[in-house]
Amino acid sequence: MVFQKVGVLGSGIMGSGIAEVAAATGATVIVRSRSHATTDAMLATMAKSLAKQVDKGKRSAEDAEAIIARVSGRRT
């Protein structure tokens, strides 16, 4: 089964991880959170995680940019 679009409720540690993994598979990810601040913090954390992967040679910079581009956040 292939998912093209994934919704994640919550932008905490678990939600951030789920969003990152789903986006890495190529799915468009929409994260729902209580506030813009928590969504922005989740996206910043994800960008930091992806940057570490790039630094360690586990992922290319282009892949990291594509992953973060597939994730969007919305306030509930």
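Cut-offs applied
Counting starts from 1 at the beginning of each chain's written sequence and moves along it residue by residue. Selection of residues for local features in this predicted model requires a pLDDT of at least 70, selection of side-chain atom pairs for listing and counting requires 80 or more, and totals for whole chains, interfaces and linings are taken over all residues. By convention in this description, side-chain values take in all heavy atoms of the structure and omit both hydrogens and water. The secondary structure listing takes helices from DSSP runs of H or I that are at least 4 residues long and strands from runs of E that are at least 2 residues long, numbered from the N terminus. To get an axis, fit a line to the C-alpha atoms, keeping to the stretch in contact for a helix; angles then go from 0 to 180 degrees between the N-to-C directions. Small angles under 35 degrees read as roughly parallel and large ones over 145 as roughly antiparallel, with 65 to 115 read as roughly perpendicular and the rest as oblique. In this scheme the crossing of two helices becomes right-handed for a clockwise turn of the near helix relative to the far one and left-handed for an anticlockwise turn of less than a right angle. Only heavy atoms enter the contact rule, under which two residues are in contact if any of them lie within 4.5 Å. Three classes are used: nonpolar for Ala, Val, Leu, Ile, Met, Phe, Trp, Tyr, Cys and Pro, charged for Asp, Glu, Lys and Arg, and polar for all others, with Gly counted as polar. Patch membership needs two things, relative accessible area over 30% and no salt bridge, and members are linked within 9 Å if like-charged or within 5 Å if nonpolar (Val, Leu, Ile, Met, Phe, Trp, Tyr). What sets the accessible areas is the Shrake-Rupley method with a 1.4 Å probe; for residues, cover comes only from the shown protein chains. Think of a salt bridge as a Lys or Arg side-chain nitrogen and an Asp or Glu carboxyl oxygen that are within 4 Å of each other. Here the positive residues are Lys and Arg and the negative ones are Asp and Glu; neither His nor the chain ends is included. The atoms used to mark charge sites are NZ of Lys, CZ of Arg, CG of Asp and CD of Glu. Burial classes: relative accessible area under 20% of the type maximum marks a residue as buried, over 50% as exposed, and values in between as partly exposed (1.4 Å probe, protein chains only). Known as pLDDT, the predictor's confidence for each residue is given on a scale from 0 to 100.

Asks: Is there a simple way to explain the environment of serine 35 in this structure?
Replies: By the secondary structure assignment, serine 35 is in the loop between strand S2 (28-33) and helix H2 (36-55). For the pair serine 35 and alanine 64, spaced 29 residues apart in the sequence, the C-alpha separation amounts to 25 Å.

Asks: Would you mind showing me how to read the packing of helix H1 (residues 13-24) against H2 here?
Replies: Helix packing geometry: the angle between the two helix axes and the distance between the axes. Relative orientation of the contacting elements H1 and H2 amounts to 55 degrees, with a least axis distance of 10 Å. With respect to H2, the axis of H1 lies oblique. Considering how the two elements wind past one another, H1 and H2 form a crossing that is right-handed. Along its contact with H1, which presents Ser16, Ala19 and Glu20, the element H2 presents Met42, Met46, Ser49, Leu50 and Gln53. Within the contact of H1 with H2, the residues separate by chemical class into four nonpolar, three polar and one charged.

Asks: Is there a simple way to think about a positive patch on the surface in this case?
Replies: On the surface, a cluster of positive charge is contributed by Lys48, Lys52, Lys56 and Lys58. Along the chain, lysine 52 turns up in helix H2. Given the relative accessible area of 48%, lysine 52 is considered partly exposed.

Asks: Help me understand the packing of H2 against helix H3 (residues 61-69) in this model?
Replies: At their nearest, the axes of H2 and H3 sit 9 Å apart, and the two run at 165 degrees to each other. Relative to H3, the element H2 is oriented roughly antiparallel. In this structure, H2 crosses over H3, and the sense of that crossing is right-handed. Listed contacts from H3 to Leu43, Met46, Ala47, Leu50 and Val54 of H2 are Ala61, Ala64, Ile67 and Ile68. Tallied by class, residues from the contact of H2 with H3 come to nine nonpolar, no polar and no charged.

Asks: Would you explain the confidence of the model for the protein in this entry?
Replies: Keep in mind that low pLDDT regions are not for reading the predicted coordinates in detail. Scored by pLDDT, the protein comes out at a mean of 92, with 97% of its residues at no less than 70. Taken element by element, the protein is modelled with least confidence in strand S3 (residues 71-75), mean pLDDT 84, and with most confidence in H3, mean pLDDT 96.

Asks: I would appreciate a short explanation of the environment of threonine 28 in the present structure.
Replies: Within the secondary structure layout, threonine 28 lies in strand S2. Residue threonine 28 is classed as partly exposed on the basis of its relative accessible area of 35%. Expressed as a C-alpha distance, the spacing of threonine 28 and isoleucine 68, which sit 40 residues apart in the sequence, is 9.9 Å.

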